[in-house]
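Overview (structure and organization)
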Amino acid sequence: MEKVRLGIVGLGAQGGLYAGFLADGKVENMVIGAICDIDPAKKELAAEKYPDVPFYEDYRDMLDSGDMDAVVTCVPHYLHPEIGVEALKREIHALVEKPAGVYTKQVRELNDYAAQKPHLTFGIVFNQRMNPLYQKVKEIIDNGEIGQIRRTNWMITTWWRPQGYYDSSAWRATWGEEGGGVLVNQAPHQLDLLQWICGIPKKVYSNVKYGYQRNIAVEDEVTALLDYGNGATGVFITCTHDVIGTDRFEIVGDKGKIVVDDSKKVTIKRLSKPESELSDSMSMQDVMKIFMGGNQSDIYSEEVLEFESVWGAQHIAVLENFAAAVLEGTPILAPGSDGIHGVTLANAIHLSSWLDKEIEIPFDEELFLLELKKRIEEEKNAPVTS
């Protein structure tokens, strides 16, 4: 094939964004193959905006049509694994939106099936991996420039959503339709970046508030303590009710520190010697001289990097990388199989709060599903009303 024909399942905000990029020719080596949506209004919209693009009301009919080489799943979270599997069954390349699913068991089933089809490209839309800022941070960590990680802290509370946002659609902020709140809707990118850059923790203990500042059943406030199993610890904080939010990511190593502010600026402080060597070689008098106005350049050097916002361009980069993988075998930066890691973190955070105890990773997937189903049933029997 010369260009990848992409089938878009769901013509909402995200699907509409991709359709616009493709229709405007902004994605190299990719075009719209077909569109699918169950909403009659979206059918009218597609007929007006993309009159030459085949439209389907059932995604299976679209997958059977022969109108596409690949599919992207811009649908409620529970459906991502199902559609991904159905596409792969039909020898269609699959690009799933984040999160890869609601619970690890269904994502693992998708991954296991995809592993049986290694000739097909299987990706996930982790567009933040295309952000040069986070690529640089990962490079610094991977190169060992700040040494072994001792602590991570990420406060990402820039997800402010008013009550009207939740009231805008019946599926939003529900266990049965969305599968959770901020952890599965707004923060999956940060959960992915956290594990991509720093690794997956061994244990999680969380304090989660459900319907804390919004009239919803799911979480709108999260504080999670992470234990990496080697002495290193972390804190992850997120919410949807801070009008003036904070985005600050700190990684402390034994040879330095990285601070990311507002996903725009990176400050790297590199120690002249590993912290343990400084501790062994410096007297208290040496320390007092430095911290009472002395020259700290003997202790560390500082580098500050500024980055421009590349929102939108990141999504295009994901699509282009996916197309290159299909057409040329280019390595995919966000393999679909990686989607399970962020879901694992989200599930562990939920499970810890539900059971009020520390959760080891890997955890009992059947237990998580049982607890999730309890909340779905509770929601059915006593739905939240505005």
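Residues numbered from 1 in each chain as written. Predicted model: local features only at pLDDT ≥ 70, side-chain atom pairs only at ≥ 80, totals over all residues. Heavy atoms only, no water.

As recorded in an unreviewed UniProt entry, the protein goes by the name Dehydrogenase, listed as coming from Peribacillus simplex.

1. Digging into the UniProt feature "domain: Gfo/Idh/MocA-like oxidoreductase N-terminal" (unreviewed entry) in the protein
Feature annotation in UniProt assigns "domain: Gfo/Idh/MocA-like oxidoreductase N-terminal" (unreviewed entry) to the following positions: residues 5-118. Helix makes up 44% of residues 5-118 and strand makes up 19%, while its end C-alpha atoms are separated by 20 Å. (UniProt positions renumbered as here; feature names shortened; annotations may be inferred. Helix = DSSP H or I, 4+ residues; strand = E, 2+ residues; numbered from the N terminus.)

2. A word on the packing of aromatic side chains
Tallying each qualifying case throughout the model produces 7 aromatic pairs. Ring centres 4.0 Å apart and planes at 10 degrees place the aromatic pair tryptophan 154 and phenylalanine 249 in the stacked group. With a gap of 95 residues between them, tryptophan 154 in strand E7 (residues 149-156) and phenylalanine 249 in strand E11 (residues 247-253) connect regions that are remote in the sequence. For the pair tryptophan 154 and phenylalanine 249, a shared accessibility class is recorded, and that class is buried. Ring pairing ties together the aromatic residues Trp175, Tyr210, Trp354, Phe363 and Phe368, which thus form one cluster. (Phe/Tyr/Trp six-rings, centres within 6.5 Å; stacked < 30°, edge-to-face > 60°. Buried < 20%, exposed > 50% of the residue type's maximum accessible area, 1.4 Å probe, protein only.)

3. A look at the pairing of strand E2 (residues 30-36)
Here is the key point about a regular strand: its side chains alternate between the two faces of the sheet. In terms of burial, E2 is largely enclosed, as 6 of its 7 residues are buried. One ladder, built from 6 bridges, connects strand E1 (residues 4-9) with E2; its direction is parallel. In the sheet register, leucine 6 faces E2, and the bridge partner there is isoleucine 32. Between E1 and its parallel partner E2, the chain crosses via helix H1 (residues 13-23), and the hand of that crossover is right-handed. By the bridge criterion, 2 bridges tie E2 to strand E3 (residues 55-56) in an arrangement that is parallel. Within the sheet, the bridge partner assigned to cysteine 36 lies in E3 and is tyrosine 56. (Pairing = 2+ DSSP bridges. Right-handed = clockwise from strand over helix to strand, strands pointing away.)

4. Describing the packing of helix H5 (residues 104-115) against helix H12 (residues 339-355)
For the pair H5 and H12, the least separation of the axes is 9 Å and the interaxial angle reads 170 degrees. In this view, H5 runs roughly antiparallel relative to H12, as classed from their interaxial angle. Counted together, Thr104, Val107, Arg108 and Asn111 of H5 and Gly339, Ile340, Val343, Thr344 and Asn347 of H12 form the full contact between these two elements. For the contact of H5 with H12, the residue count by class is 3 nonpolar, 5 polar and 1 charged. (Axes fitted to C-alpha atoms, helices over the stretch in contact; angles between N-to-C directions. Parallel < 35°, antiparallel > 145°, perpendicular 65-115°, else oblique. Contact = heavy atoms within 4.5 Å. Nonpolar A, V, L, I, M, F, W, Y, C, P; charged D, E, K, R; others polar.)

5. Notes on the sheet that holds strand E14 (residues 300-306)
If you trace the 9 strands from one edge of the open sheet to the other, you get E14-E13-E12-E11-E7-E10-E9-E8-E15, paired in mixed fashion. Either end of the sheet is taken by a strand with one partner, and the two such strands are E14 and strand E15 (359-360). Where E11 and strand E12 (residues 256-261) come together, 6 bridges link them in antiparallel fashion. In the strand pairing of E12, phenylalanine 249 is matched with valine 260. Helix H6 (residues 132-142) rests against E7, E11, E12, strand E13 (265-271) and E14 of the sheet, and its axis sits at about 170 degrees to E12. The strands that helix H8 (residues 188-198) touches are E7, strand E9 (219-227), strand E10 (233-239) and E11; relative to E7, the one it contacts most, it runs at about 165 degrees.

6. Here we look at the UniProt feature "domain: GFO/IDH/MocA-like oxidoreductase" (unreviewed entry) in the protein
On the UniProt side, "domain: GFO/IDH/MocA-like oxidoreductase" (unreviewed entry) is annotated at positions that read residues 134-258 here. Across residues 134-258, helical content stands at 20% and strand content at 34%; the span's end C-alpha atoms are separated by 11 Å.

7. Describing the sheet that holds E2
Taken in spatial order, the 6 strands line up as E3-E2-E1-E4-E5-E6 in an open sheet, and their pairing is parallel. Both outer strands of the open sheet, E3 and strand E6 (122-124), are each paired with one neighbouring strand and no more. Set on the sheet, helix H11 (residues 313-328) makes contact with E1, E2, strand E4 (70-73), strand E5 (93-96) and E6; between it and E5 the angle comes to about 160 degrees.

8. Observations concerning empty space enclosed by the protein
Following the criterion strictly, the structure yields 2 cavities of 30 Å³ or more and no others. Its volume calculated, the largest cavity comes out at about 80 Å³. In this structure, the largest cavity is lined by 14 residues; those nearest its centre are Pro99, Leu183, Gly342, Val343 and Ala346. Where the lining of the largest cavity is concerned, the elements lending two or more residues are H8 and H12. Among the elements that make up the lining of the largest cavity, the one with the highest residue count is H12 (5 residues). (1 Å grid on protein atoms, 1.4 Å probe; cavity = no way out; pocket = protein on both sides within 12 Å on 5 of 7 lines; lining within 4 Å. Points joined across faces, edges and corners; volume = space filled by probe spheres on them.)

9. Focus: the packing of H6 against H8
For the pair H6 and H8, the least separation of the axes is 9 Å and the interaxial angle reads 30 degrees. As summarised for this structure, H6 and H8 are arranged roughly parallel, according to the angle between their axes. Taken together, the residues of H8 that come into contact with H6 (itself represented by Tyr134, Gln135, Val137, Lys138 and Ile141) are Leu193, Trp196 and Ile197. Split by residue class, the contact of H6 with H8 holds 6 nonpolar, 1 polar and 1 charged.

10. Quick look at the layout of surface pockets
Counted as a void, the second largest pocket has a volume near 430 Å³. Taken together, 17 residues make up the lining of the second largest pocket; nearest its centre are Leu271, Leu278, Phe291, Ile299 and Tyr300. Taken together, the residues of the lining of the second largest pocket break down into 9 nonpolar, 3 polar and 5 charged.

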